Amino acid sequence: MTLAWRRVLRALHLETSSSKTPKTCPSLSRAFWTSVTKLGLHTKPSMPPCDFTPERYQSLAYSRVLEIHEQHLSPVPTAYFPTPLLLSQGHMEWLFDYEGNRYLDFFSGIVTVSVGHCHPKVNAAAQKQIGRLWHTSTVFFHPPIHEYAEKLSALLPEPLKVIFLVNSGSEANDLAMLMARAHSNNTDIISFRGAYHGCSPYTLGLTNVGLFKMELPSGMGCQSTMCPDVFRGPWGGSHCRDSPVQTIRKCSCAPGCCQAKDQYIEQFKDTLSTSVAKSIAGFFAEPIQGVNGVVQYPKGFLKEAFELVRERGGVCIADEVQTGFGRLGSHFWGFQTHDVLPDIVTMAKGIGNGFPMAAVVTTPEIAKSLARRLHHFNTFGGNPMACAIGSAVIEVIKEENLQENSQEVGTYMLLKFAKLRDEFEIIGDVRGKGLMVGIEMVKDKASHQPLPCEEVNQIHQDCKCMGLLIGRGGIFSQTFRIAPSMCITKPEVDFAVEVFRSALIQHMERRAK
């Protein structure tokens, strides 16, 4: 069903399936819901309808899932919530747990499900290809890889026309690091503090979030530089960001000027002067930082930084793993919002709508530099299944005008959340672009001190219990990350905003007690 037709159904109230709030939430008692009801009509918003009925769950018991997880899966605690969600099915922007409870997914598998869970056209492409040919490796040709390469290259400006297909964002950034060093014949690579570029041994050097740092050596030749964060950093004003919503900080900048940008550029120059060699390999940047909590830089910063890097012989790499494929609305790629042209672009996540797939796109010159120095090979990269799915994703984005939807609905959502910032003292900042939004929680607006993690956890849990799934980010896990699939609609945004507001009201009531 197309996005346009689903909107018509909503407008006519023709959806037939239940729109109930999840019926169970193990961590909250009946007494809690009684107290919630006393808070007012906004505390338990009515979930929008859904035109899909999930299958009855018939797999492992929840207790058995917990046992197997503890015995056989990674001990690293990655699951949200004290009682982790056990999901069984997805449909577009909706997820269903093993008990049949329905959730509005506003994090899309960590900014990965771009066009909707189990989108019918993507499903059909996968099913058709799975019955035809799964795998060949690159020692043989198959049409899906060539069809996909033609579609993807058409979406990128000259000279970014050579594509290396891999399987994950970490792997893509690994390869981009290798390309930068092979082409420049230099070693040092710069990335921002707060950056996340992967968790492989190589990319850990680029990633500058404490949770992903370890005592053992990794990622040699990588240097961090100050993140130009106009909310939490030392400089910022009221016109810095390419966003409908600015910080509450004030500035006296004249139109077209940004003192904060100039100050952060001086810090970048200081890194070039003190922390790296005279000639460098490159500079990695996410157009908007994802894991760090949807951090945006001052307008014009990346353009000047790219020029400085190229003066040192380095190449510029745009990490589009979270920002690409139309999510930011105004442009298909995040780097275009900064008016820059990178030398290398990495992409993953939304490229395959959740299927393991990634790519590195670069210039013929840089591709040849790598080929001269390495016989690069990837067994699964560009396999027939991934390419068929990737082609279907691109077609859906175009046919259903999902980039335009990201712009319209994303701007609507940002402005709605900005009103909550004005209403609640514990919302320090609302930021983002299109359908990539960050809401930073603070003790108070004056101090900017992060809201304690246990309080953020409770707000997060309350949202889940009212049927809304959102993500977390930031150095202190103080920022809620909101990145729904690009098929999202305004009525669903209204529900999400009301749920979030209700969770904040509940939090303020707990504080008062």
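Scroll up for the structure.
Quick notes on the rules
- Residues numbered from 1 in each chain as written.
- Predicted model: local features only at pLDDT ≥ 70, side-chain atom pairs only at ≥ 80, totals over all residues.
- Heavy atoms only, no water.
- Salt bridge = Lys/Arg side-chain N within 4 Å of Asp/Glu carboxyl O.
- Helix = DSSP H or I, 4+ residues; strand = E, 2+ residues; numbered from the N terminus.
- Buried < 20%, exposed > 50% of the residue type's maximum accessible area, 1.4 Å probe, protein only.
- 1 Å grid on protein atoms, 1.4 Å probe; cavity = no way out; pocket = protein on both sides within 12 Å on 5 of 7 lines; lining within 4 Å.
- Points joined across faces, edges and corners; volume = space filled by probe spheres on them.
- Nonpolar A, V, L, I, M, F, W, Y, C, P; charged D, E, K, R; others polar.
- Phe/Tyr/Trp six-rings, centres within 6.5 Å; stacked < 30°, edge-to-face > 60°.
- Lys NZ or Arg CZ within 6 Å of the ring centre and 35° of its normal.
- Pairing = 2+ DSSP bridges.
- Expected span 1.5 Å × (residues − 1).
- Axes fitted to C-alpha atoms, helices over the stretch in contact; angles between N-to-C directions.
- Parallel < 35°, antiparallel > 145°, perpendicular 65-115°, else oblique.
- Left-handed = near helix turned anticlockwise from the far one by under 90°.
- Contact = heavy atoms within 4.5 Å.

Participant: Just to check I follow, could you spell out the pattern of salt bridges for this structure?
Facilitator: Should the charged atoms of two oppositely charged side chains come close, the side chains can pair. This model, assessed by the stated rule, comprises 20 salt bridges. In this structure, K416 engages D494 in a salt bridge whose closest nitrogen and oxygen atoms are separated by 3.3 Å. On the criterion of sequence distance, the pair formed by K416 in helix α12 (residues 402-423) and D494 in helix α14 (residues 490-512) is long-range, its members being 78 residues apart. Residue classification places K416 among the partly exposed residues on the basis of a relative accessible area of 29%. Exposure remark for D494: the relative accessible area of 27% places this residue in the partly exposed category. Connected through shared salt-bridge partners, R232, R241, R421, D429, R431 and E440 make up one network.

Participant: Help me understand the layout of surface pockets in this model?
Facilitator: Over the atoms a probe the size of a water molecule is rolled, and this reveals where empty space is left. Space inside the second largest pocket adds up to approximately 520 Å³. Lining of the second largest pocket is provided by 18 residues; of these, T138, I145, I163, F164 and L165 occupy positions nearest its centre. Every element with two or more residues in the lining of the second largest pocket is listed here: α6 (143-153), β4 (162-166) and α10 (364-373). Looking at the lining of the second largest pocket, the element that brings in the most residues is β4, giving four residues. Per-class residue counts for the lining of the second largest pocket are 13 nonpolar, five polar and no charged.

Participant: Please explain the packing of aromatic side chains as it appears in this structure.
Facilitator: Any aromatic ring pair is given by two values, namely how distant the centres are and how the planes are angled relative to each other. By the definition in use, this model includes 18 aromatic pairs. An angle of 70° between the planes, with centres 5.8 Å apart, marks the rings of Y57 and Y98 as edge-to-face. Here Y57 is found in the loop between α2 (30-39) and α3 (62-72), whereas its partner Y98 is found in the loop between β2 (94-97) and β3 (102-105), with 41 residues between them in sequence. For Y57, a relative accessible area of 22% gives the class partly exposed. Three or more aromatic residues joined by ring pairs make a cluster, and in this case those are F192, F268, F283, Y297, F301 and F306. Taking the ring centre of F81 as reference, the NZ or CZ of K464 above it sits at 5.0 Å. It is K490 that lies over the ring of Y412; its NZ or CZ is 5.1 Å from the centre.

Participant: Would you mind showing me how to read the pairing of β2 here?
Facilitator: Side-chain alternation along β2 places W94 and F96 on one buried face and L95 and D97 on a second face that is also buried. By the bridge criterion, four bridges tie strand β1 (residues 87-91) to β2 in an arrangement that is antiparallel. What sits directly across from G90, in β2, is L95. Taken together, β1 and the strand that follows it, β2, pair antiparallel across an intervening segment of two residues, in which M92 is found at a positive phi of about 55°.

Participant: Mind showing me how you'd approach empty space enclosed by the protein here?
Facilitator: Counted under the stated rule, the structure contains three cavities of 30 Å³ or more. Each pocket or cavity is described by its volume, and for the largest cavity that value is around 70 Å³. Forming the walls of the largest cavity are V111, S114, E320, V321, Q322, G324, F325, R327, A348, G350 and M486. Here the residues of the lining of the largest cavity are counted per class, giving five nonpolar, four polar and two charged.

Participant: Please explain helix α13 (residues 453-465) as it appears in this structure.
Facilitator: Quick reminder: α-helices carry 3.6 residues per turn. Residues three or four places apart thus point the same way. The end-to-end C-alpha distance of α13 is 18 Å, a good match for the 18 Å that 13 residues give at a rise of 1.5 Å each. Residues V456, I459, H460, Q461, D462, C463, K464 and C465 constitute the buried set of α13. One or two steps after α13, the chain reaches G467, where phi turns positive at roughly 100°.

Participant: How do you make sense of the sheet that holds β2 when you look at a structure like this?
Facilitator: Backbone hydrogen bonds hold the strands of a sheet together, and the pairing may be parallel or antiparallel. Pairing in this open sheet of four strands is mixed, and the strands run β1-β2-β3-β13 from one edge to the other. One side of each edge strand has no neighbouring strand; the edge strands of this open sheet are β1 and β13 (468-469).

Participant: Looking at this structure, how should I read the packing of helix α8 (residues 259-274) against helix α9 (residues 301-311)?
Facilitator: Between two packed helices, both the angle of their axes relative to each other and the distance between the axes serve to describe the pair. Taken N-terminus to C-terminus, the directions of α8 and α9 make an angle of 20°; their axes are 10 Å apart at the nearest point. One finds that α8 runs roughly parallel with respect to α9. The two elements α8 and α9 meet at a crossing, and its hand is right-handed. Contacts between α8 and α9 pair K261, Y264, I265, F268, K269 and L272 from the former with F301, E304, A305, L308 and V309 from the latter.

Participant: Which parts of the structure should I look at to understand the sheet that holds strand β14 (residues 471-473)?
Facilitator: Strands sit in the order β11-β12-β15-β14 across an open sheet of four strands; the sheet is antiparallel. Each having just a single partner strand, β11 (427-433) and β14 make up the two edges of the open sheet. The mean inter-strand angle of the sheet, taken between neighbouring strand axes irrespective of direction, is 25°. Direction of pairing for β11 relative to strand β12 (residues 436-441): antiparallel, over a ladder of six bridges. Note on β12: the bridge partner recorded for I427 is M441. Relative to β11, α12 is tilted by about 170°, and along the sheet it contacts β11, β12 and β15 (479-482). Contacts from α14 reach β11, β12 and β15 within the one sheet, and its direction differs from that of β12 by about 10°.

Bear in mind that shape data such as this cannot, by itself, settle questions of function.
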